Amino acid sequence: MLINKSNQTCSSYMESFKTLVNYFQNQYLMRFTPCQLLNNQIKSMISKIFIVYLKYCSLLKQPFSENGKLKMVNDLTHLEFAVTPLLVSGGIKEIGESYNLIRNYKQSIFN
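Residues numbered from 1 in each chain as written. Predicted model: local features only at pLDDT ≥ 70, side-chain atom pairs only at ≥ 80, totals over all residues. Heavy atoms only, no water.

(A) Focus on the pattern of salt bridges. Across all of its chains, the model carries five salt bridges by this definition. With its nearest N and O atoms 3.4 Å apart, the salt bridge here joins glutamate 66 to lysine 69. Separated by three residues within a single helix, glutamate 66 and lysine 69 lie in helix α3 (residues 66-83), roughly one turn from each other. When its relative accessible area of 14% is taken as the criterion, lysine 69 is described as buried. With a closest N to O distance of 3.6 Å, arginine 103 and glutamate 80 form a salt bridge. Of the two residues, arginine 103 is situated in helix α4 (residues 97-109) and glutamate 80 in helix α3; the sequence distance between them amounts to 23 residues. Its relative accessible area of 34% is what places arginine 103 among the partly exposed residues. Overall, the relative accessible area of 7% leaves glutamate 80 in the buried class. Ionic contacts of the salt-bridge type, sharing partners, join the residues Glu80, Arg103 and Lys106 into one network. (Salt bridge = Lys/Arg side-chain N within 4 Å of Asp/Glu carboxyl O. Helix = DSSP H or I, 4+ residues; strand = E, 2+ residues; numbered from the N terminus. Buried < 20%, exposed > 50% of the residue type's maximum accessible area, 1.4 Å probe, protein only.)

(B) Just the packing of helix α2 (residues 36-58) against α4, in detail. Close contact between α2 and α4 brings their axes to 8 Å; oriented N to C, the two are set at 35°. Between α2 and α4 the crossing geometry is left-handed. Of the residues in α4, those touching α2 at Ser47, Phe50, Ile51, Leu54, Cys57 and Ser58 are Ser98, Tyr99, Leu101, Ile102 and Tyr105. Tallied by class, residues from the contact of α2 with α4 come to eight nonpolar, three polar and no charged. (Axes fitted to C-alpha atoms, helices over the stretch in contact; angles between N-to-C directions. Left-handed = near helix turned anticlockwise from the far one by under 90°. Contact = heavy atoms within 4.5 Å. Nonpolar A, V, L, I, M, F, W, Y, C, P; charged D, E, K, R; others polar.)

(C) Structural view of the confidence of the model for the protein chain. In this model, the protein chain carries an average pLDDT of 89, and 93% of its residues clear a pLDDT of 70 or more. Taking the mean pLDDT of every element in the protein chain, the minimum, 44, falls on strand β1 (residues 2-3) and the maximum, 95, on helix α1 (residues 12-27). Contacts from residues 1-6, a stretch scored under 50 in pLDDT, to residues over four places away or in other chains number 14 contacts. (pLDDT = per-residue confidence, 0-100.)

(D) Structural view of the environment of methionine 14. Inspection of the secondary structure assignment puts methionine 14 in helix α1. Counting along the chain gives 85 residues from methionine 14 to tyrosine 99, while the straight-line C-alpha distance between them is 17 Å.

(E) Molecular detail of the packing of aromatic side chains. Applying the stated rule across the entire model yields three aromatic pairs. Here tyrosine 23 and tyrosine 28 contribute two aromatic rings whose centre-to-centre distance is 6.3 Å and whose plane-to-plane angle is 75°, an arrangement assigned as edge-to-face. Look at tyrosine 28 and you get partly exposed, because its relative accessible area is 40%. Here the aromatic rings of phenylalanine 24 and tyrosine 28 are separated by 5.9 Å at their centres, their planes lie at 35°, and the arrangement is tilted. Chaining the aromatic ring pairs together yields one cluster made of Tyr23, Phe24 and Tyr28. (Phe/Tyr/Trp six-rings, centres within 6.5 Å; stacked < 30°, edge-to-face > 60°.)

Spelled out as structure tokens, the structure:
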């Protein structure tokens, strides 16, 4: 486990993911002028990231221990926060159905 700047632990995978998202934003997205087309493409990309991440989460052995549940929810939260700065306009809720799936999965972990 690595510790991020907010003193919350997240997996090393999520730390690597956040680093790559930051690199992508600084090296590629900064070259484009913000526009609706760019925002739509980014929303589509984020939606696909959410869906793929949830598919891999569903392959994990369940039931989780309480500690495992907290780690999973923490990683999902870090995933949301990592991709939010990519959006040109609007918030993460505008991603739509895949964002709702992430939120519902987080809630279902504790049920």
